[in-house]
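A look at the structure
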Amino acid sequence: MGPGMVYLESLRNHEREGVPSGAGTDTSEGFDLTKMHRLLAQLGDPQDAWQAVHISGTKGKGSTATMLASIASAAGLKTGCYTSPHVVSLHERILMDGKPITSEDLDQALAAVQPTAQGLSHASPELPPLSHFEVLTAAAFAHFAAAGTDLAVVEVGLGGARDATNAFRPAGLALSVVTPIGSDHLDALGGSVRSVAAAKAGVLKAGRPLVLAPQPLHEAHQEIKREAHRLGCPVIEVADEVELEFARGGEQHPAAPAIVRVLGSTVAAALGLQQGDCIEMKLGMEGVHQLSNAATAITAAAVLASEGVLQGLTLEGLRLGLSRAQLPGRFQRCRLAEHRAGPVLIVDGAHTPEACAALAASLRRAFPEPSPVALVLAAAADKDASGMCAALGALRPVAVFPTEVEVAGSGARAMAPGSIMAAWQFNVPRPGRVMMQPSVVAAVERARMELGGVREGGGPGVILVTGSMHAAGAALRRLHLVPA
């Protein structure tokens, strides 16, 4: 570990410790971004050196950001992408044209930020110290500037209004994107749907366009629209521009294309198509829930083209970008290297009830009954285990294996397996066999053995590892897996 990484790891990490109540709200309880903005200013405001797309929301932020960045890269722009959290390695968070930052470049970027950050801490002791996420964000922004980035797609860490990434001026913000809003981080974002939406709307800037994904909660949709109207932001609704679906039966096959139906004039004009046209696209990320993320990314790319930012956008470039977009831990199909004829592993970082419901639907479409499913489940202590279990109960797994994983390298925020077990048994009408395990590795092995005894014409079955990005990361790091 180089000196830059040593410094980063010395800082307070809210992912490891938990986020204080109200920290993401635009109130007196919210994170104080004064020192973050001073840090960027003293670094020369690197975020002003490139055009930005700022993405907030609850579901699909990382997938949408990755797809949009891949589309922009295929269109000829030098494109950065900043997302969080990571699944396997911190390097995943900072991409340049789809490639993770190298260890050397990451350490150099952090080491370059360190003197300025430490000087600020000494000069302004009355302000809260800079956090792990703030320093990493500043390093990412500086790295993008030094690399000559044309466009960077930036996912918020928490909320939007008081997030460390919220440093863009209107002139530097190409557009904002808000993905579907749910109830994750409810306590940190004010305790109500409206307060969560208000925090997410913090990424909007006066006069800059907003691409708004379909919202499952009417109150959230209205709050975002109100703030957009107040700031004079043109609103482009994804539902008015494009819709995606699989051809009948296509969702069962990873190579199956999606059918894209062009609805609105913005997408039609950007791609040289007519409203009502249907085209095929292959998505690099699997799962029915990725259709809506792809629709948002396509709409955002079209708006960037209309704004003159993505002048090189073509239909073939769009196809290439979507097919190349990949993220670890999103409906990732694997097999155990030593048991290649055994069950398929699906590794997915779903950690909200809404995401778990989408995951369950995607899995059963890809592996219809009677294909048996064994569930390995681990979560952070502040997540809605009851809601997640109720959603995953739709899979009717033959067995469930609650276990425990560290969150950002610490057990402080890990949910105890007994709590997951209780949530499953209380919220699933027919809970079946539930057996706690000491680790993800042990749980996967028990799941494999359990499926080995179930032969009801459904083949070797599926092991689903989910509940958190950290559970997905533990599986991908500690198991010897090969692509399925």
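Below: a short report on this structure. Fair warning: this is a prediction, and the values are worked out from it, not measured in the lab. (Residues numbered from 1 in each chain as written. Predicted model: local features only at pLDDT ≥ 70, side-chain atom pairs only at ≥ 80, totals over all residues. Heavy atoms only, no water.)

Focus on the overall build of the protein chain
Selection criterion: The helix count covers DSSP runs of H or I at least four residues long, the strand count covers runs of E at least two residues long, and both are numbered beginning at the N terminus. The reference for a compact globule is 2.2 Å times residues^0.38; the radius of gyration itself is calculated from the C-alpha atoms. Two residues form a contact once any of their heavy atoms are found within 4.5 Å. Only the protein chains shown count as cover for residues, and all accessible areas are computed by the Shrake-Rupley method using a 1.4 Å probe.
Within the protein chain, the regular secondary structure consists of 17 helices and 18 strands. Scaling as 2.2 N^0.38, a compact globule of 484 residues should have a C-alpha radius of gyration of about 23 Å, and the protein chain matches this with 22 Å. If you take every contact in the protein chain between residues at least 6 apart in sequence, the share linking residues at least 24 apart comes to 77%. When the accessible surface of the protein chain is summed, it comes to about 18,500 Å², and 52% of that surface belongs to carbon and sulfur atoms.

Topic: the sheet that holds strand β18 (residues 481–483)
Formally: Strand pairing is assigned whenever DSSP identifies at least 2 bridges connecting the two strands. Working convention: axes come from line fits to C-alpha atoms, limited for helices to the stretch in contact. Angles between N-to-C directions cover 0 to 180 degrees.
Taken in spatial order, the seven strands make up an open sheet running β16-β15-β14-β17-β13-β12-β18, and their pairing is mixed. If you trace the sheet from one side to the other, it starts and ends with β16 (433–434) and β18, each paired once. Here four bridges tie strand β14 (residues 373–377) to strand β15 (residues 399–402), and the two strands are oriented parallel to one another. Across the sheet, residue Val376 finds its bridge partner in β15, namely Phe401. Contacts from helix α16 (residues 440–452) reach β12 (332–336), β13 (344–347), β14, β15, β16 and β17 (462–466) within the one sheet, and its direction differs from that of β17 by about 155 degrees.

Notes on the packing of aromatic side chains
The way to describe two aromatic rings as a pair is by their centre distance and the angle between their planes. Test applied: Only Phe, Tyr and Trp rings are paired, with Trp represented by its six-membered ring, and only when their centres lie within 6.5 Å; those with planes under 30 degrees apart are stacked, over 60 edge-to-face, the remainder tilted. For every residue, the accessible area (1.4 Å probe, protein chains only) is compared with the maximum for its type, and the residue is labelled buried under 20%, exposed over 50%, or partly exposed between those bounds.
Scanning all chains against the criterion turns up six aromatic pairs. Ring plane angle 65 degrees and centroid distance 5.8 Å describe the contact between Trp50 and Phe168, whose orientation is recorded as edge-to-face. Taken as a pair, Trp50 in the loop between α3 (34–42) and β1 (51–56) and Phe168 in the loop between β5 (151–155) and β6 (173–178) lie far apart in primary sequence, 118 residues in all. Both residues of the pair, Trp50 and Phe168, count as buried. Between Tyr82 and Phe133 the ring centres are 6.1 Å apart and the planes differ by 25 degrees, which places this aromatic pair in the stacked class.

Some words on helix α14 (residues 385–392)
Along α14, six of the eight residues are buried, which leaves the element largely enclosed by surrounding structure. Considered for burial, the residues of α14 that qualify are Ala385, Gly387, Met388, Cys389, Ala391 and Leu392. On its buried side, α14 packs onto α13 (353–366), β14, α15 (417–427) and β17.

A look at the environment of Asp150
Within the fold, Asp150 resides in the loop between α6 (132–146) and β5. The class of Asp150 is partly exposed, set by a relative accessible area of 37%. Put simply, Asp150 and Thr58 are 92 residues apart on the chain and 27 Å apart in space, counted from C-alpha to C-alpha.

Considering the sheet that holds strand β11 (residues 278–281)
An order of β9-β10-β11 is seen for the three strands of this open sheet, with the pairing classed as antiparallel. Each of the sheet's edge strands pairs with one partner strand only, and the pair in question is β9 (242–246) and β11. Here the average twist between neighbouring strands, direction ignored, is 30 degrees.

Examining the pairing of β5
Among the five residues that make up β5, five are buried, leaving the element largely enclosed by the rest of the structure. A two-sided burial pattern is seen for β5, the buried positions comprising Leu151, Val153 and Glu155 on one face and Ala152 and Val154 on the other. Both β1 and β5 contribute to a ladder of five bridges, which runs parallel. Counted as the bridge partner of Gln51 is Leu151 from β5. Of the strand pairs in this sheet, strand β2 (residues 79–82) and β5 are connected by four bridges, and their pairing is parallel. Counterpart to Gly80 in the pairing with β5 is Ala152.

Regarding the side chain of Ser63
If you trace the backbone, Ser63 turns up in helix α4 (residues 61–74). Ignoring sequence-local partners within four residues, the contact set of Ser63 consists of Met285, Gln290, Asn293, Leu327 and Arg330.

Brief notes about the packing of α14 against α15
Heads up, the condition is: Oblique is the label for any angle not covered by the other classes, which are roughly parallel (under 35 degrees), roughly antiparallel (over 145) and roughly perpendicular (65 to 115). For any pair of crossing helices, the crossing counts as left-handed if the nearer helix is rotated counterclockwise from the farther one by less than a right angle, and right-handed if it is rotated clockwise. Ten residues, namely Ala, Val, Leu, Ile, Met, Phe, Trp, Tyr, Cys and Pro, are considered nonpolar, four, namely Asp, Glu, Lys and Arg, are considered charged, and the remaining ones, Gly among them, are considered polar.
Direction vectors running N to C along α14 and α15 enclose 55 degrees, while the axes themselves pass 8 Å from each other. With respect to α15, the axis of α14 lies oblique. The interaxial crossing formed by α14 with α15 has right-handed handedness. Listed contacts from α15 to Ala385, Ser386, Cys389, Ala390 and Leu392 of α14 are Ile420, Ala423, Trp424 and Asn427. Here the residues of the contact of α14 with α15 are counted per class, giving seven nonpolar, two polar and no charged.

Description of the nonpolar core
What counts is decided by this rule: The set of buried Ala, Val, Leu, Ile, Met, Phe, Trp, Tyr and Cys residues whose side-chain atoms join them within 4.5 Å is what this entry labels a nonpolar core.
Ranked by size, the top nonpolar core spans 53 residues in total, and within it Val53, Leu244, Leu304, Leu310 and Leu322 carry the most contacts. The dominant element in this core, judged by the number of residues it contributes, is helix α11 (residues 290–306), at 10 residues. When near neighbours in sequence (up to four residues on either side) are disregarded, Leu304 contacts Val53, Leu68, Leu151, Ala174, Leu175, Val309 and Leu310. Formed by 35 residues, the second largest nonpolar core is a distinct cluster that contains Leu39, Leu40, Ile94 and Phe133.

Examining the pattern of salt bridges
Note the cut-off: Each salt bridge in this description consists of a side-chain nitrogen of Lys or Arg and a carboxyl oxygen of Asp or Glu lying within 4 Å of one another.
Taken as a whole, this structure holds 20 salt bridges when the rule is applied. For the salt bridge of Glu369 with Arg396, the shortest nitrogen-to-oxygen distance reads 2.9 Å. Here Glu369 is found in the loop between α13 and β14, whereas its partner Arg396 is found in the loop between α14 and β15, with 27 residues between them in sequence. Look at Glu369 and you get partly exposed, because its relative accessible area is 45%. Residues Asp382 and Arg413 are paired through a salt bridge, measuring 3.0 Å at the closest nitrogen-oxygen approach.

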